[in-house]
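# Per-entry structural report
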Amino acid sequence: REQRPLLLLFTGIWNTQAMALSQEVFATKSFNDFVKENLVICYLNYPRNYTDAPDALRKIKDKFKVRGYPNVLIFNPNGEVEQSIRGYRSGRPVDYFNELVGAARPVIESIKRQKAELVTRGFRDWSNYLGKEIFARFVKHDGVRVIIEDASGQKWNIPLNDLAPEDQKMVESFPKVDTLESS
């Protein structure tokens, strides 16, 4: 939705390498600034005994053939794994951070090029009143609801008054339709 890479961390609070990574890298201002600006991040915390993990977590780990902790996968917005980083060596936070940035940078740059091309086709960042963004293009509105389409082709039927004021004004500048169907 945001057209940003997803960083998926496979971790376990019982794993000393995973906890060292969390404390030495993921808790730093540099890491958090980089993530806030460039990535969407998701942590998957696994129990020591794999069979104790919920079925959904086991399926994700099996699907991506993750064999140890910590393990990072970086996905493009299409859900494809672009990069991976296995393990962590305690006491080497700068090395790991640089490796992570190096792995994420080509994905970020590719997305920027794709977004620039999509902008020429009417796509832009839309915000709600809380500042949450979605990269999409306007389709139509009926004065109460608006349909926008994201880069993957998914259509979003959103209450007009949930949009940020400047986005509401832009939508209202277009003619209304009588009925709104999202398909």
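Preceding this paragraph is the structure being described.
The sections below set out a description of the structure shown in this document. (Residues numbered from 1 in each chain as written. Predicted model: local features only at pLDDT ≥ 70, side-chain atom pairs only at ≥ 80, totals over all residues. Heavy atoms only, no water.)

### A closer look at the pairing of strand E5 (residues 123–127)
Pairing between E5 and strand E6 (residues 133–141): five bridges, direction antiparallel. Its bridge partner lying in E6, Trp126 is registered against Ile134. Between the antiparallel neighbours E5 and E6 lie five residues, among them Gly131 with a positive phi of about 90°. (Pairing = 2+ DSSP bridges. Helix = DSSP H or I, 4+ residues; strand = E, 2+ residues; numbered from the N terminus.)

### Description of the sheet that holds strand E3 (residues 71–75)
Within the open sheet, the four strands sit side by side as E2-E1-E3-E4. Their pairing is mixed. Each edge of the open sheet carries a strand with a single partner, namely strand E2 (40–45) and strand E4 (81–86). Here the average twist between neighbouring strands, direction ignored, is 15°. Two elements, strand E1 (residues 6–11) and E2, share six bridges in a ladder whose sense is parallel. Following the sheet pairing, Leu6 is matched in E2 by Val40. (Axes fitted to C-alpha atoms, helices over the stretch in contact; angles between N-to-C directions.)

### So, unusual backbone geometry
At the junction of Tyr69 and Pro70, the peptide bond is cis and its omega measures out at -15° in the coordinates. Looking at the element boundaries, Pro70 is found in the loop between helix H3 (55–63) and E3. A positive phi angle, close to 55°, is found at Lys65, a residue other than glycine. Residue placement: Lys65 occurs in the loop between H3 and E3. A residue is classified by how much of its surface remains accessible, and Lys65, at 60% relative accessible area, is exposed. (Buried < 20%, exposed > 50% of the residue type's maximum accessible area, 1.4 Å probe, protein only.)

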